[in-house]
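# Structural features, examined
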Amino acid sequence: EDKVLSYIKQLKEGVNTGLFAILGHPDVILSAGIVPTDNIKTAFSDLIKTARNKGVLVELNANGIRNNGFWYPSDMLIDACTETDAKVVISSDCHNPEVLCDDYFRKLYAYALSRGLNIATTEEVINVIYRK
């Protein structure tokens, strides 16, 4: 628990610098099989709220599904994004061109839509990245 809380704290410190446009798969640490405690869930929700308030997009990453079944994006991330109405971006996180916009990406996008997540438009992503 202490290591995960330290990780979340570091992510939050990074978001607060104003140097980041997108918070990339913040729940990747759960791919090690960590079960979130109430303390972790609270800290994580606060991280996502901070990202929303700073205008930082939160990434939902298809690689966690592609390579790990469904370790990430986690329910904890999906719930926190839903509760805070954080803007999310869906990413293939493709390490090979063949997986760009593959079935895993499309299924994750459909899942995000079904959960009512606030998916950023292409224009919003560009504006965040280029600080328009």
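Residues numbered from 1 in each chain as written. Predicted model: local features only at pLDDT ≥ 70, side-chain atom pairs only at ≥ 80, totals over all residues. Heavy atoms only, no water.

### Topic: the confidence of the model for the protein
Put simply, the test is: Across the chain, each position has a pLDDT score giving the predictor's confidence in that residue, from 0 to 100. Numbered from the N terminus, helices here are DSSP runs of H or I no shorter than four residues, and strands are runs of E no shorter than two.
Across the protein, the average pLDDT comes to 92, with 98% of residues at or above 70. Between the elements of the protein, mean pLDDT differs from a low of 80, seen in helix α3 (residues 63–68), to a high of 98, seen in strand β4 (residues 118–119).

### Quick look at the environment of aspartate 38
Under the convention used in this document: When accessible area is computed with a 1.4 Å probe and restricted to protein chains, residues below 20% of their type maximum are described as buried, those above 50% as exposed, and intermediate ones as partly exposed.
Positionally, aspartate 38 belongs in helix α2 (residues 38–54). Classification of aspartate 38 as exposed rests on a relative accessible area of 62%. Once the C-alpha coordinates of aspartate 38 and glutamate 1 are considered, the two residues, 37 residues apart in sequence, prove to be 10.0 Å apart.

### What about helix α4 (residues 75–84)?
For the α-helix, the turn length of 3.6 residues means that residues three or four positions removed from each other point alike. Here α4 has its buried residues at Met76, Leu77, Ile78, Ala80, Cys81 and Thr84. Of the residues flanking the end of α4, it is aspartate 85, one or two places downstream, whose phi is positive at about 60 degrees.

### Overview of the side chain of serine 91
Stated formally: What qualifies as a polar contact is a pair of N or O atoms within 3.5 Å, subject to a donor-acceptor requirement within protein and to the restriction that residues adjacent in sequence count only when both atoms come from side chains. Pairs of residues are marked as contacts when any of their non-hydrogen atoms sit within 4.5 Å.
Within the element layout of this structure, serine 91 appears in strand β3 (residues 87–91). Of note is the side chain of serine 91, whose polar atom sits 2.9 Å from the side chain of glutamate 59. If sequence neighbours within four positions are ignored, serine 91 has contacts with Glu59, Leu60, Asn61, Ala62 and Phe105.

### Comments concerning the packing of α2 against α4
Applicable threshold: Every axis in this analysis is a line fitted to C-alpha atoms, fitted for helices over the stretch in contact. Angles between the N-to-C directions lie between 0 and 180 degrees. Relative orientations are named as follows: roughly parallel for angles under 35 degrees, roughly antiparallel for angles over 145 degrees, roughly perpendicular for angles from 65 to 115 degrees, and oblique for any other angle. The sense of a crossing depends on the near helix, which, turned anticlockwise from the far helix by less than a right angle, makes the crossing left-handed and, turned clockwise, makes it right-handed. Under the scheme applied, nonpolar residues are Ala, Val, Leu, Ile, Met, Phe, Trp, Tyr, Cys and Pro; charged residues are Asp, Glu, Lys and Arg; polar residues are all the others, including Gly.
At a minimum axis distance of 9 Å, the contact between α2 and α4 shows a crossing angle of 50 degrees. Judged by the angle between their axes, α2 and α4 are oblique. For the element pair α2 and α4, the recorded crossing hand is right-handed. For the pair α2 and α4, contact is made by Ile40, Lys41, Phe44, Ser45, Ile48, Lys49 and Arg52 and by Met76, Leu77, Ala80, Cys81, Glu83 and Thr84, respectively. Across the contact of α2 with α4, the residue classes break down as seven nonpolar, two polar and four charged.

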